[in-house]
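One letter stands for each residue in the lines below.
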Amino acid sequence: MSPSASQAVPLPKGWSRHVRSSIIHAVSMATIAFTHALARVANDPDAQIRAQEEIDRLQREVDLLREGAPPSPAQAALSAE
């Protein structure tokens, strides 16, 4: 990490250099883990299929509402979830 980047993180001056370094490393590792988790979900075919099914269901519901037809009881139950 460059010196300018470590100086931009506001950590208490009373902390030892080792503690500050440990905090920076922990935050960096958490950022990497979060980014990795997001990438796995984005590339998961099952998640993409579920999302597309939900989009299709909602689009059908919007089309029915635009036509003025009340949603069926099954659609109303799905919407309540």
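What counts, and where the lines are drawn
Residues numbered from 1 in each chain as written. Predicted model: local features only at pLDDT ≥ 70, side-chain atom pairs only at ≥ 80, totals over all residues. Heavy atoms only, no water. Helix = DSSP H or I, 4+ residues; strand = E, 2+ residues; numbered from the N terminus. Buried < 20%, exposed > 50% of the residue type's maximum accessible area, 1.4 Å probe, protein only. Areas by Shrake-Rupley, 256 points an atom, 1.4 Å probe, with all protein chains shown as cover. pLDDT = per-residue confidence, 0-100. Expected span 1.5 Å × (residues − 1). Polar contact = N/O pair within 3.5 Å; in protein donor to acceptor, adjacent residues only side chain to side chain. Salt bridge = Lys/Arg side-chain N within 4 Å of Asp/Glu carboxyl O.

**Quick look at the overall build of the protein chain**
Step number 1: When helices and strands are tallied, the protein chain shows 4 helices and 0 strands.
Step number 2: Sequence-ordered secondary structure for the protein chain, helices as α and strands as β, is α-α-α-α.
Step number 3: Here the protein chain, with 81 residues, has 5% of them falling under the buried criterion.
Step number 4: Total accessible area on the protein chain stands at roughly 6900 Å², and carbon and sulfur atoms take up 63% of it.

**Description of the confidence of the model for the protein chain**
Step number 1: In this model, the protein chain carries an average pLDDT of 80, and 77% of its residues clear a pLDDT of 70 or more.
Step number 2: No element of the protein chain has a lower mean pLDDT than helix α1 (residues 3-8), at 54, and none a higher one than helix α2 (residues 17-42), at 89.

**What to know about helix α3 (residues 45-67)**
Note that an α-helix has 3.6 residues per turn; residues three or four places apart therefore point the same way.
Step number 1: A rise of 1.5 Å per residue sets the reference length of α3, with its 23 residues, at 33 Å; its end C-alpha atoms lie 33 Å apart and thus fit the reference within 8%.
Step number 2: Burial in α3 covers these residues: Ala 47, Arg 57 and Glu 61.
Step number 3: Of the residues that open α3, the one with a side-chain oxygen 3.2 Å from the backbone nitrogen of Asp 46 is Asp 44.
Step number 4: Where α3 ends, the next residue or the one after it, Gly 68, has phi of about 90°, a positive value.

**Digging into the pattern of salt bridges**
Step number 1: Tallied over the full model, the rule gives 2 salt bridges.
Step number 2: Between Arg 57 and Glu 54 there is a salt bridge whose closest N-O contact spans 2.8 Å. Within this pair, Arg 57 and its partner Glu 54 are both found in helix α3, separated by 3 residues, close to a single helical turn.
Step number 3: Since its relative accessible area comes to 37%, Glu 54 is described here as partly exposed.
Step number 4: Residue Glu 61 is joined to Arg 57 by a salt bridge in which the shortest nitrogen-to-oxygen separation is 3.3 Å. A residue pair is termed a helical-turn pair when its members lie 3 or 4 positions apart in one helix, as Glu 61 and Arg 57 do in helix α3 at 4 residues. Of the two residues, Glu 61 and Arg 57, both sit in the buried class.

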